[in-house]
Every structure is written in C-alpha cells, then in structure tokens.
Amino acid sequence: MSKIRDEWMTISEVIAEIRVPRATFYRWRQLGKGPKSIKLPNGDVRVRRSDFDRWVAALEDAA
C-alpha cells in the first residue's frame, strides 16, 4: 500500500497557482483569509497542499 504524502507548498507555488501577487497573499494571510500556513524558523512560509485545496474548495463553494 502506498502512502500519499501531503506536500508542503512554497509561497511561490501558491501564488503561481492562484495567480495573485505575493503582497496579496501576505495581506490575506495577515487578515486570516488565506490558507492555513506555518512560518518556519528561517522565516519562510509553507502551506500544506491539503490545506490549500480545502481553502480553494471553500472559496468555490462560497461563490
């Protein structure tokens, strides 16, 4: 049985997929409107693929 790994996405990957400027993503994150994310000790931010997919699905449902 193979286990599907829940990948971590970089901010560059997230903004490329949803086609918004980096500043927009960070504003959404600050307002609590972006996908769930974590800040690593080096300051980089990562988003789990599953959290991103749930966030997009919720936006689609709300539209």
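Since this is a predicted model, take the numbers as computed values, not measurements.

Conventions used here
- Every residue gets a number counted from 1 within its own chain, in the order that chain's sequence is written.
- Residue-level local features of this predicted model are given only where pLDDT is at least 70; pairs of side-chain atoms are given and counted only at 80 or more, and the full residue set underlies all totals for whole chains, interfaces and linings.
- As a rule here, side-chain values come from all non-hydrogen atoms in the structure, and water together with hydrogens is ignored.
- Where helices and strands are cited, they refer to DSSP runs of H or I of at least four residues and of E of at least two residues respectively, numbered from the N terminus.
- Only protein chains enter the accessibility calculation, which uses a 1.4 Å probe; a residue is then buried when its area is under 20% of its type maximum, exposed when over 50%, and partly exposed in between.
- Two residues form a contact once any of their heavy atoms are found within 4.5 Å.
- Angles run from 0 to 180 degrees between N-to-C directions of axes, and those axes are lines fitted to C-alpha atoms, restricted for helices to the stretch in contact.
- Roughly parallel means an angle under 35 degrees; roughly antiparallel means over 145; roughly perpendicular covers 65 to 115; every other angle is labelled oblique.
- Note on convention: near helix rotated counterclockwise from far helix by under a right angle means a left-handed crossing. Clockwise means right-handed.
- Side-chain classes follow a simple rule in which Ala, Val, Leu, Ile, Met, Phe, Trp, Tyr, Cys and Pro form the nonpolar group, Asp, Glu, Lys and Arg form the charged group, and the remainder, Gly included, forms the polar group.
- One bridge is not enough; two strands pair if DSSP finds at least two bridges between them.
- The salt bridge criterion pairs a side-chain nitrogen of Lys or Arg with a carboxyl oxygen of Asp or Glu, the two atoms within 4 Å.

Student: I'm lost on the overall build of the protein in this one. Help?
Tutor: When helices and strands are tallied, the protein shows three helices and three strands. Going residue by residue from the N terminus, the α and β elements of the protein occur as β-α-α-β-β-α. Projected onto the principal axes, the alpha-carbon positions of the protein cover approximately 40 × 35 × 20 Å. Among the 63 residues that make up the protein, the fraction classed as buried is 22%. Considering only contacts within the protein whose residues lie at least 6 apart along the sequence, 43% involve residues at least 24 apart.

Student: Mind showing me how you'd approach the packing of helix 1 (residues 11-18) against helix 3 (residues 49-62) here?
Tutor: To characterise two packed helices, one gives the angle between the axes of the helices and the distance between these axes. Following both chains from N to C, one finds helix 1 and helix 3 inclined at 25°, their axes separated by 12 Å at the closest point. Here helix 3 runs roughly parallel to helix 1, going by the angle between their axes. The crossing of helix 1 and helix 3 is right-handed. For the pair formed by helix 1 and helix 3, the contact residues are V14, E17 and I18 on the first element and R49, F52 and W55 on the second. Residue composition of the contact of helix 1 with helix 3, grouped by class: four nonpolar, no polar and two charged.

Student: What is the right way to read the sheet that holds strand 1 (residues 8-10) from this model?
Tutor: Backbone-to-backbone hydrogen bonds pair the strands of a sheet. The strands run either parallel or antiparallel. Strand order in the open sheet made by the three strands is 1-3-2, with antiparallel pairing throughout. Each of the sheet's edge strands pairs with one partner strand only, and the pair in question is strand 1 and strand 2 (38-39). Two elements, strand 2 and strand 3 (residues 45-48), share two bridges in a ladder whose sense is antiparallel. Pairing of K39 across the sheet is with V45, part of strand 3. Taken strand by strand, helix 1 contacts strand 1 and strand 3, and its axis lies near 80° from that of strand 1. Packing against the sheet, helix 3 makes contact with strand 1 and strand 3, and its axis sits at approximately 70° to strand 3.

Student: Whenever I open this one, the pattern of salt bridges confuses me. Can you help?
Tutor: One pass over the structure, following the stated rule, counts four salt bridges. A salt bridge links D51 to R54, with the shortest nitrogen-to-oxygen separation between them at 2.5 Å. In this pair, D51 and R54 are both assigned in helix 3, three residues apart and thus about one turn of the helix distant. Sharing partners across several salt bridges, the network here consists of E17, R49 and D53.

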